[in-house]
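A structural walkthrough
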Amino acid sequence: MRKEKAAEIVTNAERDLAKRFAEIDEIALFNQEKVLKAFYNNAVQARHFYGSTGYGYDDAGRETLGKVFADALGAESALVSPLISSGTQAITLMLFAALRAGDKLLSVSGKPYDTLSDVISGKNCGSLADYGVNFDCIPLDTSAPENPDFDFPAIEKALKKEKIKAVFAGRSRGYEWRDAISVEKIGVLADFVKKISPETLVLVDNCYGEFVEKTEPTEVGADLIAGSLIKNIGGGVAPTGGYVAGKADLVEMAGKRLTAPSLGTEVGSFIGGYMQYFQGIFLAPQVVKNAVKSAHLFAKSFATQGFDALPADKRAAYDIVASIKMNSEQQLVRFCEAVQSVSPVDSNVVPVPWAMPGYQNDVIMAAGAFVQGSSIELSADSPIKEPYIVYVQGALTYEHAVIAVRKTLEKVLP
Ligand SMILES: *Cc1c(COP(=O)(O)O)cnc(C)c1O
């Protein structure tokens, strides 16, 4: 497609999205205020940016960062650490904090994210299954992919049949053909679960969800949430890390799993210092705003060219991802090549499908990010399987998204 034509498609999409974009601006303002209040309430000072060594007793930076995250997420407490390697590790901490031998975990949003399948059911790898935790899974009702919902009758049946220690829900779309789940729906789920079984915990994979809406799952009844710092809440600035937030006693359990049962959240040093983590959460509402607009712009621009795309433009987005169905593997690869070619880093590299640890199919990933693997920075990825859905997410700046949508249109369309 010619450059001028691609630019025109994007301009038209922007015009159609004007009302949606105004709503996204309003959410960002709300969340910026929420984050700032978390800074004021905890009297953040320059001394909190310094690192510590050894055991890290009384590391004021670590402790204050946790309090800022807790307040910004509407949680009692939060465990935040650069030593949590990834979202998968943070979610693992959350699961091991909540579950014990003989307990049952019930996923109610279908199969959890790919990298969690070994965490839950792997053999001889220290999985929940190895420790005697049972697992079952109820698919989402995706009869309307643009408005998925929990299968409440099936959940009720499961809760009445046996004791369920924890219900697990993923907020984002994962690698599925559907939109993400709203926080409001997670609130309905939490109320529903607790009404039938007050002791059952509600655990949420919060990846890609932070600051997309005005509330977080912890504000509507979730007991624990977990996520990655190289996604939304790190604001594109945090260089690594993860968090677990929610009920204080459960967060402490996650801390005991991260360090040791005798140590919990009392220890943990980090010589590198915490400035980028404070700066990251401060910037996160703004960066998430750009990423949500990017998702809408990709989806709308490709939808006008006849592609199936989510989020549907008439609805708010509930994560930062756009999913677009390509017509062939070749188109999918071209899309990822185009995203890579307009990245600030490694623009000269050509992505190819590859076997990645933790994923079932070969995966192609376009990632020209400052922080390796960061997906709050503009990135695209896709498991190589029909129906060739490409998932594109992130954008530190809105303008980068505009440039990338133009480029992908140019490269994918004849
Ligand atoms: C990214 C992601 C994870 C895992 O995070 P990693 O940092 O890649 O380990 C889990 N769940 C969802 C929905 C994700 O998007």
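Here the structure is a predicted model, which is why all the values come from computation and not from measurement.

What counts as what
Residues numbered from 1 in each chain as written. Predicted model: local features only at pLDDT ≥ 70, side-chain atom pairs only at ≥ 80, totals over all residues. Heavy atoms only, no water. Pairing = 2+ DSSP bridges. Helix = DSSP H or I, 4+ residues; strand = E, 2+ residues; numbered from the N terminus. Axes fitted to C-alpha atoms, helices over the stretch in contact; angles between N-to-C directions. Contact = heavy atoms within 4.5 Å. Phe/Tyr/Trp six-rings, centres within 6.5 Å; stacked < 30°, edge-to-face > 60°. Buried < 20%, exposed > 50% of the residue type's maximum accessible area, 1.4 Å probe, protein only. Lys NZ or Arg CZ within 6 Å of the ring centre and 35° of its normal. Parallel < 35°, antiparallel > 145°, perpendicular 65-115°, else oblique. Left-handed = near helix turned anticlockwise from the far one by under 90°. Nonpolar A, V, L, I, M, F, W, Y, C, P; charged D, E, K, R; others polar. Right-handed = clockwise from strand over helix to strand, strands pointing away. Near = heavy atom within 4 Å. Polar contact = N/O pair within 3.5 Å; in protein donor to acceptor, adjacent residues only side chain to side chain. Areas by Shrake-Rupley, 256 points an atom, 1.4 Å probe, with all protein chains shown as cover. Domains from an automatic or database assignment. Buried area = accessible area lost by both parts, 1.4 Å probe. Salt bridge = Lys/Arg side-chain N within 4 Å of Asp/Glu carboxyl O.

1. Some thoughts on the sheet that holds strand E7 (residues 242-246)
One open sheet accounts for seven strands, arranged E1-E7-E6-E5-E4-E2-E3; its pairing is mixed. Each of the sheet's edge strands pairs with one partner strand only, and the pair in question is strand E1 (77-81) and strand E3 (134-137). Here the strands of the sheet are splayed against their neighbours by 20° on average, with no regard to which way each runs. As paired elements, strand E5 (residues 201-205) and strand E6 (residues 224-228) share three bridges and run parallel to each other. Bridging across to E6, Val 204 finds its partner in Ile 225. With respect to the sheet, helix H8 (residues 248-258) is in contact with E1, E5, E6 and E7, its orientation differing from that of E1 by roughly 25°.

2. Points about the packing of aromatic side chains
In this structure the tally under the stated criterion is 16 aromatic pairs. Seen from their ring centres, Phe 69 and Tyr 243 are 6.0 Å apart, and the 50° between their planes marks the pair as tilted. Here Phe 69, found in helix H3 (residues 60-72), pairs with Tyr 243, found in strand E7; they are 174 residues apart in sequence, far enough to count as distant. The same class applies to Phe 69 and to Tyr 243, which are both buried. Ring centres of Phe 150 and Phe 152 lie 6.0 Å apart, and the angle between their planes is 70°; this geometry places the pair in the edge-to-face category. Taking the relative accessible area as the measure of exposure, Phe 150 reaches 4% and is therefore buried. Ring-pair connections join several aromatic residues into one group, and the members of that group are Phe 39, Phe 49, Phe 278 and Phe 282. The positively charged end of Lys 231 is found above the aromatic ring belonging to Tyr 113, 5.6 Å away from the centroid.

3. Here we look at the packing of helix H2 (residues 18-41) against H3
The interhelical angle for the contact between H2 and H3, taken along N-to-C directions, is 140°, at an axis separation of 8 Å. Classed by the angle they form, the pair H2 and H3 counts as oblique. Relative to H3, the crossing made by H2 is right-handed. Residues Lys 34, Val 35, Ala 38, Phe 39 and Asn 41 of H2 touch H3, and the partners they reach there are Val 68, Asp 71 and Ala 72. Grouping the amino acids of the contact of H2 with H3 by side-chain chemistry returns five nonpolar, one polar and two charged.

4. Describing the pairing of E5
Most of E5 sits out of view: five of its five residues are buried. Side chains Leu 201, Leu 203 and Asp 205 of E5 all project onto a buried face; the interleaved residues Val 202 and Val 204 project onto the opposite face, where all are buried too. Of the strand pairs in this sheet, strand E4 (residues 166-170) and E5 are connected by five bridges, and their pairing is parallel. Opposite Ala 166, over in E5, you have Leu 201 as the bridge partner. The β-α-β motif built from E4, the intervening helix H7 (residues 183-196) and the parallel element E5 has right-handed crossover chirality.

5. With respect to the packing of helix H1 (residues 3-16) against helix H11 (residues 398-412)
It is at 8 Å that the axes of H1 and H11 come closest, and there the two elements cross at 130°. Of the possible angle classes, the one that applies to H1 and H11 is oblique. Our pair here, H1 against H11, has a crossing hand that is right-handed. Every residue of H11 that contacts H1 at Lys 3, Ala 6, Ala 7, Ile 9, Val 10 and Glu 14 is listed here: Tyr 398, Val 402, Val 405, Arg 406, Leu 409 and Glu 410. Looking at the contact of H1 with H11 residue by residue, the class counts come to eight nonpolar, no polar and four charged.

6. With respect to the site of the ligand
All residues adjacent to the ligand are Ser 86, Gly 87, Thr 88, Ile 91, Tyr 113, Ser 172, Asp 205, Cys 207, Tyr 208 and Lys 231. Measuring from a nitrogen atom of the ligand, one finds a side-chain N or O atom of Asp 205 at 2.6 Å. At a separation of 2.8 Å, an oxygen atom of the ligand approaches a polar side-chain atom of Lys 231. Its free accessible area being 370 Å², the ligand has 88% of it covered by the protein chains. Looking at side-chain class alone, the shell around the ligand contains four nonpolar, four polar and two charged residues.

7. A closer look at the domain arrangement of the protein
Domain boundaries in the protein define domain 1 (2-30 + 282-412) and domain 2 (51-280). Distance between the C-alpha centres of domain 1 and domain 2: 25 Å. Of the residues lining the interface, 43 residues belong to domain 1; the matching set on domain 2 comes to 37 residues. With both chains or domains summed, domain 1 and domain 2 bury close to 3300 Å², and 62% of this area falls on carbon and sulfur atoms. For the pair domain 1 and domain 2, the number of links is two salt bridges. Here Lys 214 and Glu 26 are joined by a salt bridge, their closest N and O atoms 3.0 Å apart. Of all the secondary structure elements, the ones that give two or more residues to the side of domain 1 that touches domain 2 are H2, helix H9 (275-303), strand E8 (309-310), strand E9 (321-325), strand E11 (362-367), strand E12 (379-383) and strand E13 (389-393). At seven residues, H9 tops the list of elements feeding residues into the side of domain 1 that touches domain 2.

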